[in-house]
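# Summary of the model geometry
Single-letter residue listing:
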Amino acid sequence: MAHLAYQAADILEAMMRYISTRGEAPVLNFEQAMLTGLARDGGLYLPETIPQLDDIASLAGLPYEEVAARVIKPFLGDSFSDEELSAAITAAYANFGHIARAPLTQLAAGHHLLELFHGPTLAFKDFAMQLIGQLFQIALARSGQRITIVGATSGDTGSAAIEAFRGLENVDVFILFPHGRVSDVQRRQMTTPSESNVHALAIDGHFDDAQARLKDLFNDHAFRDEVGLAGVNSINWARVLAQVVYYFTAAVSLGAPLREVDFTVPTGNFGDILAGLVAKRMGLPIGQLVIATNQNDILHRAMTTGEYRVGEVEPSISPSMDIQVSSNFERALFWAYGSDPAAIRQIMADLKAGGFTISQGALQALQEDFTSGRVSEEGTLDMIRTIRTETGQIICPHTAVAVSVARDHLRPAVPMVTLATAHPAKFPDAVERAVGIRPDLPPHMADLFDRPERVTRVENDVSALKSLILERRTA
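Notes on the structure follow. (Residues numbered from 1 in each chain as written. Predicted model: local features only at pLDDT ≥ 70, side-chain atom pairs only at ≥ 80, totals over all residues. Heavy atoms only, no water.)

## Comments concerning the pattern of salt bridges
- Scanning the entire structure with this criterion turns up 31 salt bridges.
- In this structure, Asp 220 engages Lys 466 in a salt bridge whose closest nitrogen and oxygen atoms are separated by 2.3 Å. With Asp 220 in the loop between helix 7 (207-219) and helix 8 (221-227) and Lys 466 in helix 18 (residues 462-472), the pair connects residues that are 246 residues apart, well separated along the chain.
- Given a relative accessible area of 23%, Asp 220 falls into the partly exposed group.
- Because the salt bridges share partners, they merge into one network encompassing Asp 184, Arg 187, Arg 188 and Glu 453. (Salt bridge = Lys/Arg side-chain N within 4 Å of Asp/Glu carboxyl O. Helix = DSSP H or I, 4+ residues; strand = E, 2+ residues; numbered from the N terminus. Buried < 20%, exposed > 50% of the residue type's maximum accessible area, 1.4 Å probe, protein only.)

## Examining the packing of aromatic side chains
- Counted by the stated rule, this structure contains 17 aromatic pairs.
- Centre to centre, the rings of Phe 127 and Tyr 246 are 5.2 Å apart; their planes meet at 75°, and the pair counts as edge-to-face. A residue pair is termed long-range when its members are at least 10 positions apart, and Phe 127 in helix 4 (residues 125-143) and Tyr 246 in helix 9 (residues 237-253) qualify at 119 residues.
- The exposure class of Phe 127 is buried, given its relative accessible area of 0%.
- Three or more aromatic residues joined by ring pairs form one cluster here, namely Tyr 64, Tyr 93, Phe 96, Phe 127, Tyr 246, Tyr 247 and Phe 263. (Phe/Tyr/Trp six-rings, centres within 6.5 Å; stacked < 30°, edge-to-face > 60°.)

## Let's talk about the sheet that holds strand 15 (residues 456-458)
- What the five strands build is an open sheet, ordered 8-5-6-7-15; its pairing is parallel. Lying at the two open borders of the sheet, with one neighbouring strand each, are strand 8 (229-230) and strand 15.
- Sheet topology note: the strand 5 (residues 147-152)/strand 6 (residues 171-178) ladder contains six bridges and is parallel. Looking at the pairing, Ile 147 lines up with Val 171 of strand 6.
- Packed on one face of the sheet, helix 6 (residues 184-191) meets strand 6 and strand 7 (198-203) and runs near 160° to strand 6. (Pairing = 2+ DSSP bridges. Contact = heavy atoms within 4.5 Å. Axes fitted to C-alpha atoms, helices over the stretch in contact; angles between N-to-C directions.)

## Overview of the sheet that holds strand 13 (residues 370-374)
- Taken together, the six strands give an open sheet; going across it, the order is 3-4-14-9-10-13, and neighbouring strands pair in mixed fashion. At either margin of the open sheet sits one strand with a lone partner, and together these are strand 3 (104-108) and strand 13. When strand polarity is set aside, the average angle formed by the axes of neighbouring strands in this sheet is 25°.

## Considering the environment of Thr 49
- Residue position: Thr 49 is located in the loop between strand 2 (45-47) and helix 2 (64-72).
- Given a relative accessible area of 52%, Thr 49 falls into the exposed group.
- Note: C-alpha distance between Thr 49 and Thr 305 (256 residues apart in sequence) is 29 Å.

## A few points about the pairing of strand 10 (residues 286-293)
- Of all the eight residues making up strand 10, eight are buried; the element is thus mostly covered by neighbouring parts of the structure.
- Bridge count between strand 10 and strand 13: five bridges; the pairing is parallel. Following the sheet pairing, Leu 289 is matched in strand 13 by Phe 370.

## Considering the environment of Tyr 18
- Along the polypeptide, Tyr 18 turns up in strand 1 (residues 18-20).
- Given the relative accessible area of 0%, Tyr 18 is considered buried.
- Residues Tyr 18 and Leu 44, 26 residues apart in the sequence, show an inter-C-alpha distance of 9.6 Å.
- In this structure, Tyr 18 is in contact with Pro 26, Val 27, Leu 28, Asn 29, Phe 30, Ala 33, Tyr 45, Leu 46, Pro 47, Phe 75 and Trp 237, ignoring residues within four places of it in sequence.
- At 2.7 Å, the side chain of Tyr 18 and the backbone oxygen of Phe 75 are in polar contact. (Polar contact = N/O pair within 3.5 Å; in protein donor to acceptor, adjacent residues only side chain to side chain.)

## A word on empty space enclosed by the protein
- A full pass over the atoms with the stated rule returns three cavities of 30 Å³ or more.
- Within this model, the largest cavity holds a volume of roughly 270 Å³.
- Looking at the largest cavity, it is lined by 25 residues, and the ones nearest its centre are Phe 124, Lys 125, Gly 268, Asn 269 and Ser 320.
- Elements represented by at least two residues in the lining of the largest cavity include exactly helix 5 (156-165), helix 9 and helix 10 (271-281).
- When its residues are assigned to classes, the lining of the largest cavity shows eight nonpolar, 13 polar and four charged. (1 Å grid on protein atoms, 1.4 Å probe; cavity = no way out; pocket = protein on both sides within 12 Å on 5 of 7 lines; lining within 4 Å. Points joined across faces, edges and corners; volume = space filled by probe spheres on them. Nonpolar A, V, L, I, M, F, W, Y, C, P; charged D, E, K, R; others polar.)

## Re the nonpolar core
- Formed by 118 residues in total, the largest nonpolar core has its most connected members in Phe 136, Tyr 247 and Phe 248.
- Here Tyr 247 is in contact with Phe 263, Val 265, Asp 272, Ile 273, Ala 275, Gly 276, Ala 279, Leu 284, Ile 286, Leu 289 and Leu 419, once residues within four sequence places are set aside.
- Grouped together as the second largest cluster of nonpolar side chains are 23 residues, Leu 44, Val 150, Val 458 and Leu 468 included. (Core = buried A, V, L, I, M, F, W, Y, C linked by side-chain atoms within 4.5 Å.)

## Comments concerning the environment of Gly 228
- On the secondary structure map, Gly 228 appears in the loop between helix 8 and strand 8.
- Between the C-alpha atoms of Gly 228 and Glu 432, which are 204 residues apart in sequence, the distance is 44 Å.

## Here's the deal with helix 15 (residues 377-391)
- Here helix 15 spans 21 Å end to end across 15 residues, near enough to the 21 Å set by a 1.5 Å rise per residue.
- Residues of helix 15 that are buried: Glu 377, Gly 379, Thr 380, Leu 381, Met 383, Ile 384 and Ile 387.
- Where helix 15 is buried, its residues touch strand 3, helix 16 (397-407) and helix 17 (428-435).
- Just downstream of helix 15 lies Gly 392, where phi reads positive at about 85°. (Expected span 1.5 Å × (residues − 1).)

This is how it looks when you write it as structure tokens:
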């Protein structure tokens, strides 16, 4: 299939323009950037300017869907009508298990959990994936195109993508996950759907290997055009944009814009916390954005030392954070370097050789927006126990990492919101190890371990992946 036809840059002048962090790819509109995913120069698309959201106080008390429409619309330009966006948002969140979609619960005075696990696959990825699944359907129905979605996952993105795109007639989905390095629940969420258009691929290696092979596929432009390749990892700007919404709903419910609100985010690939930075740039009064890492603490080390040096990935009980190459960090670096694509091209070239040093000015810019912390495996287990004892709640290991880091960054009179990114039932072994309880899956997943699995083991080799995709996709 020929690659997407791009409108000339001058036509885009009156629209929301999307540019690559590396400066050598076509300028696109929102729909094109969404369907493209990774830019053709290897960079990541982001809006040329971040729109300001007026009258944030008026969001108080509105349904989640209405806040989503107000936050997202300024980024769309002419790509989707108000009616199309509203319909997509309504359909995206219709099957969430909580009327508030992203409810807040209180852990302690001034410390709140933002529950992001009420979607169909029990993880925060549902907020973005369900929405872009709807937007993809609208765009593809208009164009009549067929696409091949390839994604890499450390656990939750894959199941959310499969849930969003399973059974669609004009989409084939191939999800790469690191063999033996996701939880049993995460794996089965990817391997048990029976629809013929979805394919779970267990790659030999870790998440960074899967992500690297994904980028190899996108950077082979002939293959990319032949299969109509599209990406739904957090390299896709639409994913980040959808996650901006719950920063607004949480902050406004705690008094914004009349007071600051802090957020702590467990992160590996940096997309979820980047959404917080976008909210801040839109005018939301966020004080601290706290990066919480497990023992794979490359982001914490980068923020504290200025050195981004790739090491070995250490498997952990919080596997969605077992990452050394955080793709979305490139977007934060782009802004920290004053939107200089030449600087980003050099940094990414250095990364291929093992790492890079962040300039003093860029590091200072990053530290104005972010702070960070790390938690050991034992510290994670201790925090699951502590929260169970103090509140009666059971939290997943990723949330425990964030809660632990957040407690070191609490400020008097400033609410702290910690993002609870997954349901504890997705990680029953870790939870049982901590508190002796295996949390039950919700009713719609109660038979997950009785369903037959469909999975293909693949080599960590781009040629093998290309052959498999060409063989199995629907021509």
